[in-house]
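Coordinate inspection notes
One-letter residues, chain by chain:
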Amino acid sequence: MNFKNANLKALKTLVVVGNGMVGHHCVEQLIERGALEHYHLHVFSEEPMRAYDRVHLSEYFTGRDAESLALSEASLYQTPGITLHLGVPVLEIDRARREVITAQGCVTYDTLVLATGSYPFVPPIEGAEGDSRLVYRTLQDLDAIRAAAANARRGVVVGGGLLGLEAANALKSLGLEAHVVEFAPRLMPVQLDDFGGLALKTQIERLGVGVHLSRATQSISAGEQYRYRMNFANDEFLETDLIVFSAGIRAQDALAREAGLEIGPRGGVAINDECLSCDPHIYAIGECASWNGSLFGLVAPGYQMARGVAALLCGQAAEPFVGADMSTKLKLLGVDVGSIGDAHAHTPGARSYQFIDEASASYRRLVVDASGKHVIGAVLVGDNSYYDTLLQYMQNAIALPAEPASLILPSSAARRPWALARCRNRPPSARATTSTRARSARPSMPVAATSACSSRRPRPAPVAGAAPACSSKSSSMS
Ligand SMILES: Cc1cc2nc3c(=O)[nH]c(=O)nc-3n(C[C@H](O)[C@H](O)[C@H](O)COP(=O)(O)OP(=O)(O)OC[C@H]3O[C@@H](n4cnc5c(N)ncnc54)[C@H](O)[C@@H]3O)c2cc1C
């Protein structure tokens, strides 16, 4: 097959490599903006299915089929002027000839848009293969997991991040006893702080999912009770029938590397504010793109890039891409989790207010700037109803109320005699250690609100209408 456009000479050729969420959004935007008057569009997809909703991929296990996850009607890609090549990976880019090369032939492009996304990273572990080396990214991956689960009793996910917990939920929905093995000392180490990770672990364990922190799988061998045995340090091990790796993603930049495009420091095609690579004919958008050294593993920034590139290619004014807010709000195994801005309070001078409810394993942290006037971050576990307000405070630099802690206290806190707002000086890690010890030493108190402030800062005033004032007495977590 030769894809060269004998009878379409009047039109330029625009090639999009990758028909994932962002590649598809770009195509939609191009159509909407009239690109087909100027270009013939070739879209190459390594996957055999046209673009589908990866964000809701897990619903494939709970009743949705591939077609219902599709992001468009099939007719969209039958529009005259568009050729969708399904199951046809681009193998090479010849920049000098401006050609993309596939096993079936090549296409000469005027402009090329790379939207090749990411691939799951699987650490090199001896013995990881077949059903002990599954991943969670595509519909085909989920088919493989479903097949492996058919004869399984227990499944383990390696990686306690956002996607790992989603994969654990999927294993549970397939009727397996699910476990999560995480290298870091807490779950969702990127989005949550120590208390948040602890609250999430508690909630997830209550749902019957095993959580194993600070464990690095060294090798996988044959098991005795189950098919595989995951071997950790200190002769610890866990047996399982299947293993899903969710240990992070890597930008799919192989084509770009081989073509000599500039690559970002953490991988990904280096792009400028217009999503243009170092080659003036090649753009990169979505998870395969590295802007200012940053990669964006969420769909919204990718959509923003797609809109910008589509506008530029249609000769329209385009918003430059200037980074994206990575705040996230999600439900993991039915547990609300939210992370906003500087959730870890890394900003110099940042101060925190914390609310902890050990009984329900709910946790909220509000991070404010050095002036104490603006929200710069937050962590939520157990109740995301606070998320939108906190995000608004941060994004619009809204001045904080006189008592910032009121933003994370339950509305009924004023009536609760045991609700405390207090100043703490110790760093979060020290507080978490103390908390864990204290939890095993005595029964939990039901609720406490804690405001952690710098040592020179006066204690916050009592929450408006709330019974307790700042207290130097210990909270439930210390
Ligand atoms: C289970 C799951 C849940 C998620 N939940 C969320 C969420 O709640 N919120 C959120 O913002 N994000 C979420 N994400 C992330 C989100 O799905 C991604 O940010 C988004 O899909 C990125 O889109 P993309 O087009 O850049 O990459 P992808 O969607 O990965 O698409 C890239 C496509 O390019 C194809 N490709 C690669 N190389 C080639 C080649 N050489 N030739 C042809 N085709 C090629 C790939 O096969 C793939 O189909 C989730 C992801 C997963 C897996």
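Procedures and definitions
- Residues numbered from 1 in each chain as written.
- Predicted model: local features only at pLDDT ≥ 70, side-chain atom pairs only at ≥ 80, totals over all residues.
- Helix = DSSP H or I, 4+ residues; strand = E, 2+ residues; numbered from the N terminus.
- Buried ≥ 20, exposed ≤ 12 C-beta atoms within 10 Å, placed from the backbone.
- Contact = placed C-beta atoms within 7 Å.
- Arc of directions from axis to C-beta.
- Near = placed C-beta within 6 Å.
- Nonpolar A, V, L, I, M, F, W, Y, C, P; charged D, E, K, R; others polar.
- Core = buried A, V, L, I, M, F, W, Y, C linked by C-beta atoms within 7 Å.
- Pairing = 2+ DSSP bridges.
- Axes fitted to C-alpha atoms, helices over the stretch in contact; angles between N-to-C directions.
- Left-handed = near helix turned anticlockwise from the far one by under 90°.
- pLDDT = per-residue confidence, 0-100.

The helix and strand inventory of the protein stands at nine helices and 26 strands. Out of the 478 residues belonging to the protein, those deemed buried represent 46%. For the protein, the proportion of contacts with a sequence separation of at least 24, taken over those separated by at least 6, is 66%.

When we look at burial in helix α3 (residues 139-149), the residues that qualify are Leu142, Ile145, Ala148 and Ala149. Each buried residue of α3 lies within a common arc of 120° when the element is viewed along its axis, so the set occupies one face. Buried residues along α3 sit in contact with β9 (134-135), β10 (154-158), α4 (162-173) and β16 (242-245).

Around the ligand there are 35 residues in total, and Gly18, Gly20, Val22, Gly117 and Gly286 lie nearest to it. Looking at the shell around the ligand, the elements that each hand over two or more residues are α1 (21-32), β2 (39-45), α4 and α7 (299-313). In the shell around the ligand, the residues fall into 16 nonpolar, 13 polar and six charged.

Judged by nonpolar contacts, the single largest core of 74 residues is most densely connected at Ile243, Val244 and Leu390. Broken down by element, the residue count for this core peaks at seven residues, all from α4. Once you skip the residues sitting within four places of it in the chain, valine 244 turns out to touch Leu134, Val135, Tyr136, Ile145, Gly155, Val157 and Ala167. Ranked by size, the runner-up nonpolar core spans 53 residues in total, among them Val27, Leu112, Ala284 and Leu295.

Now for the sheet that holds β9. On the basis of which strands lie adjacent, the open sheet formed by five strands has the order β9-β16-β10-β11-β12 and parallel pairing. The open sheet has two free edges, formed respectively by β9 and β12 (210-212), since each of these has just one partner strand. Examined bridge by bridge, β9 and β16 share two bridges and lie parallel to one another. Residue pairing in the sheet places valine 135 in a bridge with phenylalanine 245 of β16.

On to the sheet that holds strand β4 (residues 90-94), then. What the three strands build is an open sheet, ordered β4-β5-β6; its pairing is antiparallel. Of all strands in the sheet, those bounded by a partner on one side alone are β4 and β6 (105-108). The mean angle between the axes of side-by-side strands here comes to 20°, regardless of whether they run parallel or antiparallel. Bridge count between strand β5 (residues 99-102) and β6: four bridges; the pairing is antiparallel. Counted as the bridge partner of threonine 102 is glycine 105 from β6.

Right, let's talk about the pairing of β5 for a bit. Pairing analysis gives four bridges linking β4 to β5, with the strands arranged antiparallel. The residue bridging valine 90 from the neighbouring strand is threonine 102, located in β5. The antiparallel pairing of β4 with β5 creates a hairpin that spans four residues between the two strands, and arginine 98 there sits at a positive phi of about 50°. Taking the residues between adjacent antiparallel strands as the criterion, β5 and β6 are bridged by two residues.

Taken together, the buried positions of helix α8 (residues 387-395) are Tyr387, Leu390, Tyr393 and Met394. All buried residues of α8 fall inside an arc of 130° around its axis, so they share one side. Turned more than 90 degrees from where α8 packs its buried face, Asp388 and Gln392 sit exposed. Among the structural elements, β21 (328-332), β22 (335-341), β24 (362-368) and β25 (375-381) are those in contact with the buried residues of α8.

Helix packing geometry: the angle between the two helix axes and the distance between the axes. For the pair α1 and α7, the least separation of the axes is 8 Å and the interaxial angle reads 35°. The crossing of α1 and α7 is right-handed. On α7, the residues touching Met21, Val22, His25, Cys26, Gln29 and Leu30 of α1 are Val299, Gly302, Tyr303, Met305, Ala306, Arg307, Val309, Ala310 and Leu313. Per-class residue counts for the contact of α1 with α7 are eleven nonpolar, three polar and one charged.

Okay, the pairing of strand β13 (residues 219-222) next. Successive residues of a regular strand alternate their side chains across the two faces of the sheet. The sheet contact formed by β13 and strand β14 (residues 228-231) spans four bridges and is antiparallel. The residue bridging serine 221 from the neighbouring strand is arginine 229, located in β14. Count of turn residues in the β13/β14 antiparallel hairpin: five residues.

In this structure, serine 214 takes a positive phi of about 50° despite not being glycine. The residue serine 214 is located in the loop between β12 and β13 in this model. Given 12 C-beta atoms within a 10 Å radius, serine 214 is considered exposed.

For leucine 76, the location among the structural elements is in the loop between α2 (66-69) and β3 (82-86). Sequence separation between leucine 76 and valine 27 is 49 residues, and the spatial gap between their C-alpha atoms is 9.5 Å.

Looking at the protein, pLDDT values average 86 and 84% of them are 70 or higher. In the model, residues 1-8 has pLDDT below 50 throughout and makes twelve contacts with residues more than four positions away in sequence or in other chains. Within the model, the stretch residues 414-478 combines pLDDT values under 50 with 120 contacts to residues more than four positions away or in other chains.

Tracing the sequence through the fold places asparagine 169 in helix α4. Counting along the chain gives 163 residues from asparagine 169 to leucine 332, while the straight-line C-alpha distance between them is 7.6 Å. With sequence-adjacent residues up to four places away left out, asparagine 169 is seen in contact with Ser58, Leu332 and Leu333.

So, on to the environment of glycine 302. Here glycine 302 lies in helix α7. What makes glycine 302 buried here is the crowd of 25 C-beta atoms within 10 Å. Setting aside chain neighbours within four positions, we find glycine 302 in contact with Met21, Val22, Ile285, Gly286, Glu287 and Phe296.

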